[in-house]
Amino acid sequence: MAIERYTYLENRKVLADSGETLTDINVIDPITALYFEMRAQNGATSNKAATVADVITEVSIIDGSRVLLSLTGYQLAALMWHEHGSIPYNLISESAGGYQNLYVPIRFGRWIGDPVYSFNPKAFNNPQIRVKWNLAAVRAVGATGFVTGTGRLSLIAHVIETAPDPVGMLTHKQHYAWSTAASGVESIELPTDNPI
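Residues numbered from 1 in each chain as written. Predicted model: local features only at pLDDT ≥ 70, side-chain atom pairs only at ≥ 80, totals over all residues. Heavy atoms only, no water.

**What about the overall build of the protein?**
The condition is simple: In this text, helices come from DSSP runs of H or I with a minimum length of four residues, and strands from runs of E with a minimum of two, each type numbered from the N-terminal end. For this measure, only C-alpha atoms enter the radius of gyration; the expected value for a globule follows 2.2 Å times N^0.38, where N is the number of residues. Burial here depends on accessible area, computed with a 1.4 Å probe over protein chains only, as a share of the maximum for the residue type. Under 20% is buried, over 50% is exposed, and the range in between is partly exposed. In this analysis, two residues are considered to be in contact whenever any of their non-hydrogen atoms come within 4.5 Å of each other. Using the Shrake-Rupley algorithm and a 1.4 Å probe, accessible areas are obtained, with residue cover drawn only from the displayed protein chains.
Across its full length, the protein holds 2 helices and 8 strands. Here the C-alpha atoms of the protein give a radius of gyration of 18 Å, agreeing with the 16 Å that 2.2 N^0.38 yields for 196 residues. Considered along the principal axes of its C-alpha atoms, the protein spans approximately 55 × 50 × 30 Å. By the burial criterion, 43% of the 196 residues in the protein qualify as buried. The long-range share in the protein, meaning contacts at least 24 apart out of those at least 6 apart in sequence, stands at 81%. For the protein, the exposed area adds up to about 10300 Å²; of that, 54% sits on carbon and sulfur atoms.

Below, the structure is given as structure tokens:
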């Protein structure tokens, strides 16, 4: 019988107003889901029409130069909310001094707890999670945007102990960015290195 547990990879790590951070995936047991949360505080006046998903430019799982998963904040939220069938607990507020967050489970299997498909850290040399953000992506940090120095990142791995090695994992990547300026026929080649 498999034993499931949760382990923090990051616990409210303090973020600069913009930048990139790398977190080592330092567990050896299969990971069925990764819970991602980024939060920031609204300014003293408001923070209109700006959510945490707006300010996340990339969430990736990488192994050296190999990209295993890569999505923007919008794509990550849309995909996970679609898979969940509803919007999980999130703080979205324009109020002065209020906090906002983006909280999503990133599933590596058909469901959370899938013993057949999950992320196997032992199958990679140096698995890491890369997050890129800019709190000033919508408006400058300050009274009408996000407050400087309030960005926080948490990453929690849902681990299945004593489980056999998974046969694979489900992954999500953007392979092509559609251009609305293009006209006529535009051919898009799908990658052949993984089954689709």
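**Comments concerning the sheet that holds strand β3 (residues 31–41)**
Under the convention used in this document: Two strands make a pair as long as DSSP finds a minimum of two bridges between them. Helix axes are fitted to C-alpha atoms over the stretch in contact, other axes to C-alpha atoms as well, and angles between N-to-C directions run from 0 to 180 degrees.
In spatial order, the strands read β1-β8-β3-β6; together these 4 strands make up an open sheet with antiparallel pairing. Among the strands making up the open sheet, the edge pair consists of β1 (3–14) and β6 (99–107). Averaged over neighbouring strand pairs, the angle between their axes works out to 15° when direction is ignored. Each of β3 and β6 is contacted by helix α2 (residues 73–84), which is oriented at about 60° to β6, the strand it contacts most.

**Quick notes on α2**
Since there are 3.6 residues in each turn of an α-helix, residues three or four apart along the chain are aligned in direction. Note the cut-off: Here a helix's expected span is defined as the number of its residues, less one, multiplied by 1.5 Å.
An ideal rise of 1.5 Å per residue puts 16 Å on 12 residues; α2 measures up with 16 Å between its terminal C-alpha atoms. Where α2 is buried, its residues touch β3, α1 (52–55), β4 (56–63), β5 (66–71) and β6. One or two residues past the end of α2 sits Gly85, with phi positive at roughly 85°.

**So, the environment of Ala44**
Looking at the secondary structure, you find Ala44 in the loop between β3 and α1. Put simply, Ala44 and Phe146 are 102 residues apart on the chain and 9.0 Å apart in space, counted from C-alpha to C-alpha. In contact with Ala44, not counting residues within four places along its chain, are Ala96 and Ala143.

**Some words on the sheet that holds β4**
The antiparallel open sheet is built from 4 strands, whose spatial order is β2-β7-β4-β5. The open sheet has two edge strands with one neighbour each: β2 (18–24) and β5. Mean inter-strand twist for the sheet, computed between neighbouring axes without regard to direction, equals 15°. Judged from the 7 bridges that link them, β2 and strand β7 (residues 127–134) form a sheet pairing that is antiparallel. Bridge pairing in β7 places Asp24 opposite Gln128.

**Description of the pattern of salt bridges**
What counts here: Salt bridge criterion: a side-chain nitrogen from Lys or Arg within 4 Å of a carboxyl oxygen from Asp or Glu.
Under the counting rule described, the total for this entry stands at 9 salt bridges. For Lys122, the salt bridge is made with Asp165, and the minimal N-O distance between the two is 3.3 Å. Pair noted here: Lys122 is in the loop between β6 and β7 and Asp165 is in the segment after β8 (152–161), with a separation of 43 residues, a long-range link. Residue class for Lys122 comes out exposed when judged on its relative accessible area of 51%. Judged by its relative accessible area of 46%, Asp165 is partly exposed. Here the residues in one salt-bridge network are Arg5, Asp29 and Glu161, joined through shared partners.

**Looking at unusual backbone geometry**
Phi at Arg12 is positive, roughly 50°, even though this residue is not glycine. Relative to the helices and strands, Arg12 is located in strand β1. Its relative accessible area of 46% is what places Arg12 among the partly exposed residues. Phi at Ala49 is positive, roughly 55°, even though this residue is not glycine.

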